[in-house]
There are 2 protein chains.
Amino acid sequence: MNSINIAEKLSLFSDYLNPRIIGELNGQQVKAVKLKGEFIWHQHDNEDELFMVIKGTLSMHFRDKIVEVKEGEFIIVPRGVEHKPAAAEEVHMLLFEPATTLNTGNVENEFTKEILQKI
Amino acid sequence: MNSINIAEKLSLFSDYLNPRIIGELNGQQVKAVKLKGEFIWHQHDNEDELFMVIKGTLSMHFRDKIVEVKEGEFIIVPRGVEHKPAAAEEVHMLLFEPATTLNTGNVENEFTKEILQKI
């Protein structure tokens, strides 16, 4: 039981779209991830997802709107809702979601990360 | 589905030890809370708890050590572990824990909040 510094964890890697696990509790995981550019449209059939922005701005695309999520803000994407995370400039985020959550949801492609590193 | 500004939510109240619900997902809740002084020793038999510091410093007391959790850091307290949150100066935090979590855990006293406000 130690304190975990979020910025320090984010400084340990520089690649995009490759979430690292930085905490686990109650069957949920806290993940740190960086994104620049556009991810893919996908949905999670059984998991709600929380995206918290630590640095930069996340543009969360939904089929009917785009929500800008800025530093110090979060958004919850309910299960079953199609979304596409995007960021014009590099964004640093925490994800909070069940351990069962696959990053690409209902899609499996070259972005899919089956096994995540713990840091 | 909108972005939620953490500092803005924290600006909506000023009382201590009275967590507000600011998000819900997967049977878990995100709560905003302020603390100054010492809370009570307690434990949660069935829930792990995450404390994230948004402003100030949290001193998390365990029976064998005290962990300082600073702004931009979090700590996970596993179920069954006795702890006492404390803060010499006002601290602003997010909690992430199951919706079933009672703030005073295994203790019921004047600090116990059975029903939390959603803001």
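The model shown is predicted, which means the values in this text are computed figures rather than measured ones.

**What to know about the overall build of chain A**
Next up, step 1: Helix and strand content of chain A: one helix and eight strands.
Next up, step 2: From first element to last, N terminus to C terminus, chain A shows the α and β order β-α-β-β-β-β-β-β-β.
Next up, step 3: Computed over the C-alpha atoms, the radius of gyration of chain A is 13 Å, within 12% of the 14 Å expected from 2.2 N^0.38 for a compact globule of 119 residues.
Next up, step 4: Dimensions along the principal axes, computed over C-alpha positions, put chain A at roughly 40 × 30 × 25 Å.
Next up, step 5: Scored against the burial criterion, the 119 residues of chain A give a buried share of 39%.
Next up, step 6: Of all intrachain contacts in chain A linking residues separated by at least 6 positions in sequence, the fraction that spans at least 24 positions is 67%.

**Re the relation of the copies chain A and chain B**
Next up, step 1: When chain A is brought onto chain B, the operation consists of a screw motion whose angular component is 180 degrees and whose axial shift is 0.0 Å, with 0.0 Å RMSD remaining. One copy is carried onto the other by what is essentially a two-fold rotation axis.
Next up, step 2: A symmetric contact is evident, with 100% of the interface residues of chain A recurring at the interface of chain B.

**What about unusual backbone geometry?**
Across residues other than glycine, the phi torsion is negative in most instances, and most of the peptide bonds are trans.
Next up, step 1: The backbone of N26(A) shows a phi angle near 55 degrees, a positive value even though the residue is not glycine.
Next up, step 2: Since 23 C-beta atoms lie within 10 Å of it, N26(A) is described here as buried.

**As for the interface of chain A and chain B**
A common way to express how large an interface is: the accessible area buried when the components associate.
Next up, step 1: At the interface, 27 residues of chain A touch 27 residues of chain B.
Next up, step 2: Within the residue set of the side of chain A that touches chain B, elements represented by two or more residues are strand 1 (4–5), helix 1 (6–10), strand 2 (20–25), strand 6 (66–70), strand 7 (73–77) and strand 8 (84–98) of chain A.
Next up, step 3: Counting residues per element, the side of chain A that touches chain B draws most heavily on strand 7 of chain A, at five residues.
Next up, step 4: Tallied by class, residues from the side of chain A that touches chain B come to 15 nonpolar, seven polar and five charged.
Next up, step 5: Bridge count between strand 7 of chain A and strand 1 (residues 4–5) of chain B: two bridges; the pairing is antiparallel. Looking across to strand 1 of chain B, one finds that E73(A) is bridged to N5(B).

**Quick word on the pairing of strand 2 (residues 20–25) of chain B**
Next up, step 1: Judged from the five bridges that link them, strand 2 of chain B and strand 3 (residues 28–38) of chain B form a sheet pairing that is antiparallel. From the neighbouring strand, G23(B) faces strand 3 of chain B, where its bridge partner is V30(B).

**Overview of the pairing of strand 3 (residues 28–38) of chain A**
Residue and element names in this part refer to chain A.
Next up, step 1: Most of strand 3 sits out of view: eight of its eleven residues are buried.
Next up, step 2: Taking the residues that link successive antiparallel strands as the turn, the strand 2-strand 3 hairpin has two residues, and the phi of N26 there is positive, at about 55 degrees.
Next up, step 3: Sheet topology note: the strand 3/strand 8 ladder contains ten bridges and is antiparallel. In the strand pairing of strand 8, Q29 is matched with E97.

**What about the environment of D15(A)?**
Next up, step 1: Position of D15(A) relative to the elements: it lies in the loop between helix 1 and strand 2.
Next up, step 2: Overall, the presence of 8 C-beta atoms within 10 Å leaves D15(A) in the exposed class.

**Quick notes on the nonpolar core**
Next up, step 1: F51(A), M93(A), F51(B) and M93(B) are the most contacted members of the largest nonpolar core, which has 50 residues in total.
Next up, step 2: With residues near it in sequence (within four places) discarded, M93(B) still touches V33(B), L35(B), F51(B), M52(B), V53(B), I54(B) and L58(B).

**Considerations on the environment of F111(A)**
All names here are of chain A.
Next up, step 1: Position of F111 among the secondary structure elements: in the segment after strand 8.
Next up, step 2: A count of 14 C-beta atoms within 10 Å places F111 in the partly exposed class.
Next up, step 3: Residues within four places of F111 in sequence aside, it is in contact with L17, I40, N103 and T104.

**Focus: the environment of M1(A)**
Next up, step 1: As for its placement among the helices and strands, M1(A) is situated in the segment before strand 1.
Next up, step 2: Taking the number of C-beta atoms within 10 Å as the measure of exposure, M1(A) has 13 and is therefore partly exposed.
Next up, step 3: Non-local contacts of M1(A), meaning those with residues more than four positions away in its chain, are made with F62(B), V67(B), I75(B) and V77(B).

Definitions and cut-offs
Residues numbered from 1 in each chain as written. Chains lettered and ligands numbered in written order. Predicted model: local features only at pLDDT ≥ 70, side-chain atom pairs only at ≥ 80, totals over all residues. Helix = DSSP H or I, 4+ residues; strand = E, 2+ residues; numbered from the N terminus. Rg over C-alpha atoms; globule rule 2.2 N^0.38 Å. Buried ≥ 20, exposed ≤ 12 C-beta atoms within 10 Å, placed from the backbone. Contact = placed C-beta atoms within 7 Å. Least-squares fit on C-alpha atoms with pLDDT ≥ 70 in both. Nonpolar A, V, L, I, M, F, W, Y, C, P; charged D, E, K, R; others polar. Pairing = 2+ DSSP bridges. Core = buried A, V, L, I, M, F, W, Y, C linked by C-beta atoms within 7 Å.

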